[in-house]
Amino acid sequence: MNTYKGFCLVVCMSASSMGTSANEGFKMEEVIVTPRKRAESLRDVPLAITAIDGDSVRELGWDTAIDIIKQAPGLSAETFAGKAIPRFLIRGLGTSDFNVAQLTAVGVYLDEVAISSPVAQGIDIYDLERIEILRGPQGTLWGKNNTAGAIHFITAKAKPEFEAFASLGMALVNGDSLQREMEGVINGSLIDEKLAGRVALKSAITDDWVDNRFRGSKVGGSKSFAGRMSLFYTPNEKVRAHLIVSANDQTDDGLTYPGETAAVVATGSGGPLSGNIDEIAISTDNYDEVEHRNITLNIEQDFDSFTLTSITAYNDSEREALYDEDGGPQDEFEDLYISDVSQFSQELRISSPADLSLSWILGAYYFNEDLEGQSSFAGGTDYTNTAELDVFETLTESRERESVALFASAKWNINESWILRAGLRQTRDKENFSGIRQSYRIPISARSNIANPDSAIAGTLLTVGNTPTTDSESWSEPTGDIVLSYSFKNGALAYGRYAHGYRSGTFAPAFFLDVSVADPEFIDSFELGFKSRYAHGRLEANIALYRYQLSDQQVVAFLGFDNNQPITLFGNAADSTVEGAEIELKWRPVDDLLISLGYAYTDSSYDDFPAGPSTNFAGNKFPRTPDWTANAFLHYTMPLQQDGLLEFQLDWRAQPKVFANPANTDTGFGDEHSIANASISYAPFSQNWKLKVWIKNMTNDQFYINRTGNGSIAYAGEPKVMGLTLSSRW
């Protein structure tokens, strides 16, 4: 991997935005983004931001939320054994656990609506206008729990003009299993000059491609069905209303692999596993099923001196998942997760005209979340004991979270060159918690009933943690930022930014025996940035340098087992520091060639982290935080005289090894890896179709994104996939 570091020193930078048009001349197209709740040119925003338009998302073949890491510097992510729950990190900060109640440090938004629970963030991405990744605390306009930054998925909205799109894709996964994908979009006017509608549908099915050698079966398949309907209503020139309703159902065979220390004994076909990601040996038929339902109403009305915006949203996500957590054929640890998360949010804001010398935004925000969850665990110290397992546990919890905030932001054009921006937000959070942990000693014959906990609970009730616990806590904190920027006559922009961020406190998951509370997390961020254009607009280069100082950083970490009991850390690290740099480059050397390159360096460490009577993790790196990430994108268009266009595309991303927990143990880590994808497409001039042949993970780099705890279980990266897609536009 040292070769990647050398490569990065020469070329590493990233696309602030990627487009694929070959007829825009040498000058880069202007990209409009909305990180400050106003439409602005990307190069005029004093913030480290990556924006990727919807056409590029489709051309890159991205399907799920975590795909966005492939072309965004400083962003990393992983999922659990399936695709249901993403865990995002920006500049080393993010979610440290897959628990559905975990508070994320990376805010995830869908059409300006905060998606709070990790179980609700694993959405399929399709028919998008663009994706915006905002690096650094975003606590002023975007809300609490954004100490790391924000990811904003912006769907394509209904519009009066007729538009239609359809695509059909077929592929081979790991060389022999079939994958099918279909997408369709239709948009147009329903009532002339009053009402427009848009419908988008997507379906993806992947056949089983992994051999479970213990059970003699194939696993690893997945199914996803998603649909979205949007309406755009304009009763007059001053009112604009968007109604968006969407649903997404996913089913995934979550794959759990043996880790570094797993005792993988005889398999069904005999002999040890090869170590390839197309083989496992587990005793349980894993599954992960998730359903998402979302509805959003966005209304804007213009008045003489301001615009009023109302955003009302309701979201519901349900999940049921069963996993073999020992990673091998032994009947040792099997887990069942059931959860239902629903949330309601309302935002009201008024905005002055953007062209004033002193423009402003004032707003109020309300958020309510109800979470019901149950986890069941079966495990034993001796899986050869045919009489009884040591323990069967059910963990049940209920949470209600409420957040209320007032916020304000202002922009002062001091003169033609200097601009001062400042924002302030006051947030009050409250959480009500109730939970119970019940432990049973059950016959091993009842193990197979873990998917039905009521029937499995037929053993002896143990005395550990059987008392229900109920509690309530509230927190309040001001957050804000101040930015001073200078615009040079040649179009370059320099800026300095200070931001104070906050992640609210929360209760521990129910598997902790005592009611434990993590205090709020605080961050002070200092950032310097420079955005510039050269060669008559053919080259864009952006640089950001930053330093974070964190106090009471929230940590949830699985450290392994002691006498077959899980060791899990929950609480606050005293002090932490993150320093880093990002370089971005986008270059169009000739009319038909676009090159985007990127590099991010992150130095994260705990300054003080007492983790036990004689243990301090001071000096250790943050878990799942790569020291660097590098990405590249190349798109070349070749006209074939009067026949049509050939398009060649290549994208690449690499990162080094990461630790899986704050202890930085050698058995808990994610592998270094380098992934390259490529495609060739043909589109005739005289017709409206395109045929694309593509390959993902073209070098078949097999790696594990995470080995948890003491290395007994691992989760693998995506396999090599080759396919073709036929699409058409009208």
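Residues numbered from 1 in each chain as written. Predicted model: local features only at pLDDT ≥ 70, side-chain atom pairs only at ≥ 80, totals over all residues. Heavy atoms only, no water.

Engineer: Just checking my understanding: could you explain the overall build of the chain for this structure?
Structural biologist: Helix and strand counts for the chain come out as three helices and 45 strands. Counting across all 730 residues of the chain, residues that qualify as buried make up 58%. Taking the contacts inside the chain whose residues are at least 6 apart along the sequence as the reference set, 69% of them involve residues at least 24 apart. When the accessible surface of the chain is summed, it comes to about 28,500 Å², and 57% of that surface belongs to carbon and sulfur atoms. (Helix = DSSP H or I, 4+ residues; strand = E, 2+ residues; numbered from the N terminus. Buried < 20%, exposed > 50% of the residue type's maximum accessible area, 1.4 Å probe, protein only. Contact = heavy atoms within 4.5 Å. Areas by Shrake-Rupley, 256 points an atom, 1.4 Å probe, with all protein chains shown as cover.)

Engineer: Help me understand the packing of aromatic side chains in this model?
Structural biologist: Two descriptors summarise a pair of aromatic rings, namely the distance from one centre to the other and the angle between the planes of the rings. All told, the structure shown has 14 aromatic pairs when counted by the stated rule. In this structure an aromatic cluster arises from ring pairing among Trp418, Tyr486, Phe488 and Phe530. One cation-aromatic arrangement involves Lys37 over Trp142; the distance from NZ or CZ to the ring centre is 3.8 Å. The ring of Trp694 carries the charged tip of Lys696 above its face, separated from the ring centre by 5.4 Å. (Phe/Tyr/Trp six-rings, centres within 6.5 Å; stacked < 30°, edge-to-face > 60°. Lys NZ or Arg CZ within 6 Å of the ring centre and 35° of its normal.)

Engineer: I'm lost on the nonpolar core in this one. Help?
Structural biologist: It is characteristic of soluble globular proteins that their nonpolar side chains tend to be buried jointly. In this structure, Ile68, Leu75, Phe88, Ile131, Ile151 and Phe153 are the most contacted members of the largest nonpolar core, which totals 44 residues. A total of four residues in this core trace back to one element, the largest contributor, which is strand S32 (residues 539–562). Beyond its immediate chain neighbours, meaning those up to four positions away, Ile151 contacts Ile68, Leu75, Phe88, Ile90, Val106, Gly107, Val108, Tyr109, Ile131, Glu132 and Ile133. Counting 18 residues, the second-largest nonpolar core is a separate cluster that includes Val31, Val33, Val45 and Leu134. (Core = buried A, V, L, I, M, F, W, Y, C linked by side-chain atoms within 4.5 Å.)

Engineer: Just checking my understanding: could you explain the pairing of strand S22 (residues 333–351) for this structure?
Structural biologist: Successive side chains on a regular strand alternate, one facing one side of the sheet and the next facing the other. Along S22, 14 of the 19 residues are buried, which leaves the element largely enclosed by surrounding structure. Pairing of strand S21 (residues 307–324) with S22 involves 18 bridges; the strand directions are antiparallel. Looking at S22, one finds that Thr307 is bridged to Ser351. (Pairing = 2+ DSSP bridges.)

Engineer: Explain the sheet that holds strand S6 (residues 93–94) to me, please; I cannot follow it from the model alone.
Structural biologist: Across the sheet, three strands lie side by side as S4-S5-S6; this open sheet has antiparallel pairing. Two strands close off the open sheet at either side, each with one partner strand: strand S4 (75–79) and S6. Looking at chain direction, strand S5 (residues 86–90) and S6 are connected through two bridges and run antiparallel. Bridge pairing in S6 places Leu89 opposite Gly94.

Engineer: I keep staring at the sheet that holds strand S15 (residues 217–219) and nothing clicks. Help me out?
Structural biologist: In a beta sheet, neighbouring strands pair by backbone hydrogen bonds and run either parallel or antiparallel. The mixed open sheet is built from three strands, whose spatial order is S15-S14-S19. In this open sheet, the two strands that pair with only one neighbour each are S15 and strand S19 (279–280). Taken together, the three bridges between strand S14 (residues 210–212) and S15 define a ladder with antiparallel strand orientation. Within the sheet, the bridge partner assigned to Val210 lies in S15 and is Val219.

Engineer: What's the story with the environment of Met182 in this structure? I'm lost.
Structural biologist: Structurally, Met182 is set in strand S12 (residues 177–191). Each residue touching Met182, except ones within four places of it in the same chain, is listed here: Ser167, Leu168, Leu201, Lys202 and Ser203.

Engineer: Can you walk me through the pairing of strand S7 (residues 106–110) in this structure?
Structural biologist: Counting buried residues along S7, five of its five residues qualify, which places the element largely inside the surrounding structure. Side chains of S7 alternate between two faces, with Val106, Val108 and Leu110 and Gly107 and Tyr109 buried alike. Alignment of S7 against strand S10 (residues 149–155), held across five bridges, turns out to be parallel. Note on S10: the bridge partner recorded for Leu110 is Phe153. The pairing of S7 with strand S8 (residues 113–114) spans two bridges and is antiparallel. Directly across from Tyr109, in S8, lies its bridge partner Ala114.

Engineer: What exactly am I supposed to notice about the environment of His536 here?
Structural biologist: For His536, the location among the structural elements is in the loop between strand S31 (521–534) and S32. The exposure class of His536 is exposed, given its relative accessible area of 73%. Separated by 46 residues in the primary sequence, His536 and Asn490 have C-alpha atoms spaced 9.9 Å apart.

Engineer: Explanation requested: empty space enclosed by the protein in the structure shown.
Structural biologist: Rolling a probe over the atoms, with the probe sized like a water molecule, indicates the empty space that remains. In this structure the tally under the stated criterion is 16 cavities of 30 Å³ or more. Taken as a whole, the second largest cavity encloses approximately 220 Å³ of empty space. If you trace the second largest cavity, you find 18 residues lining it, with Tyr109, Ala114, Ser116, Lys144 and Asn145 closest to the centre. Mapped by element, the contributors of at least two residues to the lining of the second largest cavity are S7 and strand S23 (358–379). At three residues, the largest contribution of residues to the lining of the second largest cavity is made by S7. In terms of residue class, the lining of the second largest cavity is made up of eight nonpolar, eight polar and two charged. (1 Å grid on protein atoms, 1.4 Å probe; cavity = no way out; pocket = protein on both sides within 12 Å on 5 of 7 lines; lining within 4 Å. Points joined across faces, edges and corners; volume = space filled by probe spheres on them. Nonpolar A, V, L, I, M, F, W, Y, C, P; charged D, E, K, R; others polar.)

Engineer: Help me understand the side chain of His500, please; the structure alone is not making it clear to me.
Structural biologist: With respect to the element layout, His500 can be found in strand S28 (residues 493–503). Reaching out from His500, the side chain makes a polar contact with the side chain of Asp524 at a distance of 3.1 Å. Setting aside anything within four residues of it in sequence, one finds His500 in contact with Glu477, Pro478, Thr479, Gly480, Phe522, Ile523 and Asp524. (Polar contact = N/O pair within 3.5 Å; in protein donor to acceptor, adjacent residues only side chain to side chain.)

Engineer: Which parts of the structure should I look at to understand the confidence of the model for the chain?
Structural biologist: The predicted structure's coordinates, where accompanied by low pLDDT, should not be read in detail. Within the chain, residue pLDDT values average 85, and 83% of them lie at 70 or more. Contacts for the low-pLDDT stretch residues 261–271, under 50 throughout, to residues beyond four places or in other chains number 24 contacts. Note that residues 453–458 has pLDDT below 50 and, in this model, 14 contacts with residues that lie over four places away or in other chains. (pLDDT = per-residue confidence, 0-100.)

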